[in-house]
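# Structural overview
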Amino acid sequence: MRALIVWSVLILSATGRVPAAEPADAALSLKAELKGKTFFLRESYNTSPKVYCYSSVNRTCYEHRKSRLFPLNRPEQVVITDVGATPQGADNSLTVSFQHRYLGSGSIRVYNLGSSGPEILENFRRAFELAFSEGPDDGFAPFVGNVQSKLLHYIGCNHLPGKDDQEVFADVEEAERQGYHRCNICFMSTSRMPNYNLEMILGQKVAAEARYFYPLSDNKALNQKLGRVGSVVLAGWPTPLRGYKYAFQVLESDQLRAIACPGGTVFVATGMLEALETDSELEALLAREIAHIERRHGWREYKKGKTAAFWKSVAKFAVGTTVGPIAREVPAGLFSNILSSFSSMAAQIVLAGYSREYEQEADFYAVSYLMERDQRQAMYSLLQKLQYYSGVQGVVSERIKVFARYPNIDQRLSAVRSVALRKFPADLVFSGYDASGEVMAQIQFDSQCLASDGYKLFARISTTSALGKEQKIKRIGIVSGGREYRLENRENVVIFPNDEVGCAFEARVPALIDSIDRVVLKLGEVSAWKRQ
């Protein structure tokens, strides 16, 4: 990798000055060089705070301390505020502190630096170049492919191939075009959504419950078809995806069943697949199940049944990414309560499905997706088959009523038939400015629908680093033709700096609106919203 930053270390050598002899002296030298200088903190190419840097002598590491400056999805300009040595007796390490205009302070600790002056400075330089750059686009290549295995790795991981087997890439897409596939360790990610990790465990419970009742199918052709059509739906989803890792699997059952597990797994029974006659009908089905996941219906159902006291007790403890860390960090009694309630909710989702409200919301999202492709009729066809199947179930056996996956099918079919949907123009975008005139956020209005149970407005909201910290989006006001409407976001979506989320706002509005002239949305320090 070519050198990206000019260092005083090189100047010191050229002028004959003696390099620092130990970490404390190195810290003083680097502090004099770096303090007050502006750099770009690189975007976080994966979600591990620990980064490995290799030299000819040893393996240096650095680690991000917890702050709003990690992870980042784009480079951010920061000012170096300090370089300090670790207190006496600890490993040889240096800490670089920095400040961002909106996101506050952050730091990285660089360790395993060695003992001699030249070694410390050289290893620090390598680590610094992986963390910072002089500009937002400096030709940095953050990915390394293994030419033998065709696995693509992050350059800061600890399992890179030997140099003779390396091929570097500036972006993942180019590597994938050349036949590489992502290392599932390097590209493992977690979401910043509230309670994301608990939602993942709930999803695992739902998936386990589904597999308890129905075995997985080994029909390769059906599984491939399900995955192919699922990828098509995800690629055309009408709002920004939350980042779940989706998997589509076939279950062996003659029932017309589909199960959406929180976190991204979608099961479809063989009986359902045999009943669908076109790919459009399968797209309609999968769009409904994806809507359940993207709208976090399973998690929201679970939250409804829990008291405020329960959530306060959960909030006191850190939540890890797997069952193990959670079990270690949450007291045994509370953790047992969580798992027990998850099991109950998982059984409810598998046996009885989601509430009428959530089923209908999923229907509307699916129709919105299908309208983009002029395939709205596929949703009617799907629901008609489910309507007929529900009637057959009731005649054949009272026992099967336990598995009634599609409650209130008549009302839902009527709602989808009567729903009016309209897309907004692509340029209906409002920017939110702070008092100094800097853009903090943007709202793009996507579509609106009117059904018997009310009006929904679909929008996507994006933010810049100027937002500073996460905010809840609770409601929005819009003015159309001189009339003001106030719409609620029941999900209370949380948005972070440098983030984008999809929101559904609801209200009792008598008709579809023709235009949006003005926006009122409380979001951080936004003082005015203006049409682009």
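Residues numbered from 1 in each chain as written. Predicted model: local features only at pLDDT ≥ 70, side-chain atom pairs only at ≥ 80, totals over all residues. Heavy atoms only, no water.

### Remarks on the overall build of the chain
Broken down by element type, the chain carries 15 helices and 23 strands. The buried share of the chain, reckoned over its 532 residues, is 52%. Split by element, the accessible area of the chain, about 24500 Å² in all, is 50% carbon and sulfur. (Helix = DSSP H or I, 4+ residues; strand = E, 2+ residues; numbered from the N terminus. Buried < 20%, exposed > 50% of the residue type's maximum accessible area, 1.4 Å probe, protein only. Areas by Shrake-Rupley, 256 points an atom, 1.4 Å probe, with all protein chains shown as cover.)

### Focus on unusual backbone geometry
In this structure, the amide linkage connecting Phe70 to the following residue, Pro71, adopts the cis form with an omega of -5°. Note that Pro71 resides in the loop between β3 (59-64) and β4 (76-85). Its identity as a non-glycine residue notwithstanding, Lys150 has a phi of 65°, on the positive side. One can find Lys150 in the loop between β8 (143-146) and β9 (151-154). One non-glycine residue with positive phi stands out, namely Asp374, at about 55°. With respect to the element layout, Asp374 can be found in the loop between α13 (356-371) and α14 (376-396). The exposure class of Asp374 is exposed, given its relative accessible area of 74%.

### A word on the sheet that holds strand β2 (residues 50-54)
In a beta sheet, neighbouring strands are held together by backbone hydrogen bonds and run either parallel or antiparallel to one another. Within the open sheet, the 7 strands sit side by side as β2-β3-β6-β5-β4-β1-β7. Their pairing is antiparallel. In this open sheet, the two edge strands, each paired with only one partner strand, are β2 and β7 (132-133). As paired strands, β4 and strand β5 (residues 93-100) are joined by 7 bridges and run antiparallel to one another. The residue bridging Asp82 from the neighbouring strand is Ser97, located in β5. Sitting on the sheet, helix α2 (residues 23-34) touches β1 (38-41), β4 and β5, and the angle it makes with β4 is about 150°. (Pairing = 2+ DSSP bridges. Contact = heavy atoms within 4.5 Å. Axes fitted to C-alpha atoms, helices over the stretch in contact; angles between N-to-C directions.)

### Details of the environment of Ala459
The topology assignment puts Ala459 in strand β18 (residues 454-463). On the accessibility criterion, Ala459 (0% relative accessible area) is buried. Along the backbone, Ala459 and Val501 are 42 residues apart, and their C-alpha atoms lie at a distance of 8.6 Å.

### What about a positive patch on the surface?
On the surface, Lys303, Lys472, Lys474 and Lys522 cluster together into a patch of positive charge. Structurally, the position occupied by Lys472 is in strand β19 (residues 471-480). (Patch = residues over 30% accessible without salt bridge, like charges linked within 9 Å, V, L, I, M, F, W, Y side chains within 5 Å. Salt bridge = Lys/Arg side-chain N within 4 Å of Asp/Glu carboxyl O. Lys, Arg positive; Asp, Glu negative; His and termini not counted. Charge placed at Lys NZ, Arg CZ, Asp CG, Glu CD.)

### Thoughts on helix α8 (residues 279-294)
For α8, which comprises 16 residues, the first-to-last C-alpha distance of 22 Å matches the rise-based estimate of 22 Å (1.5 Å per residue) to within 8%. Counting buried residues along α8, 14 of its 16 residues qualify, which places the element largely inside the surrounding structure. Where α8 ends, the next residue or the one after it, Arg296, has phi of about 55°, a positive value. (Expected span 1.5 Å × (residues − 1).)

### Examining the packing of aromatic side chains
As enumerated under the stated definition, the model contains 22 aromatic pairs in all. Ring geometry for Tyr45 against Tyr154: centres 6.2 Å apart, planes inclined by 35°, an arrangement best described as tilted. Remark: Tyr154 occurs in strand β9 and Tyr45 occurs in the loop between β1 and β2; sequence separation between them is 109 residues. Under the relative-accessibility criterion, Tyr45 is labelled partly exposed at 21%. (Phe/Tyr/Trp six-rings, centres within 6.5 Å; stacked < 30°, edge-to-face > 60°.)

### Here's the deal with the confidence of the model for the chain
Counting all residues, the mean pLDDT for the chain is 85, and 86% of those residues have values of 70 or more. Confidence over residues 318-329 falls short of pLDDT 50; this stretch has 20 contacts with residues more than four positions distant or in other chains. Segment residues 395-405 is flagged for pLDDT under 50; beyond a separation of four residues in sequence, or across chains, it makes 22 contacts in the model. (pLDDT = per-residue confidence, 0-100.)

### So, the packing of α2 against helix α3 (residues 117-131)
Closest axis-to-axis distance for the α2/α3 pair is 11 Å, and the angle between their directions is 50°. Taken together, α2 and α3 sit at an angle that is classed as oblique. Like other packed secondary-structure pairs, α2 and α3 cross with a definite hand, here right-handed. In this structure, α2 uses Pro23, Ala26, Leu30 and Leu34 to contact α3, whose residues at the interface are Ile120, Leu121, Phe124 and Phe128. Among the residues making up the contact of α2 with α3, the classes are represented as 8 nonpolar, no polar and no charged. (Parallel < 35°, antiparallel > 145°, perpendicular 65-115°, else oblique. Left-handed = near helix turned anticlockwise from the far one by under 90°. Nonpolar A, V, L, I, M, F, W, Y, C, P; charged D, E, K, R; others polar.)

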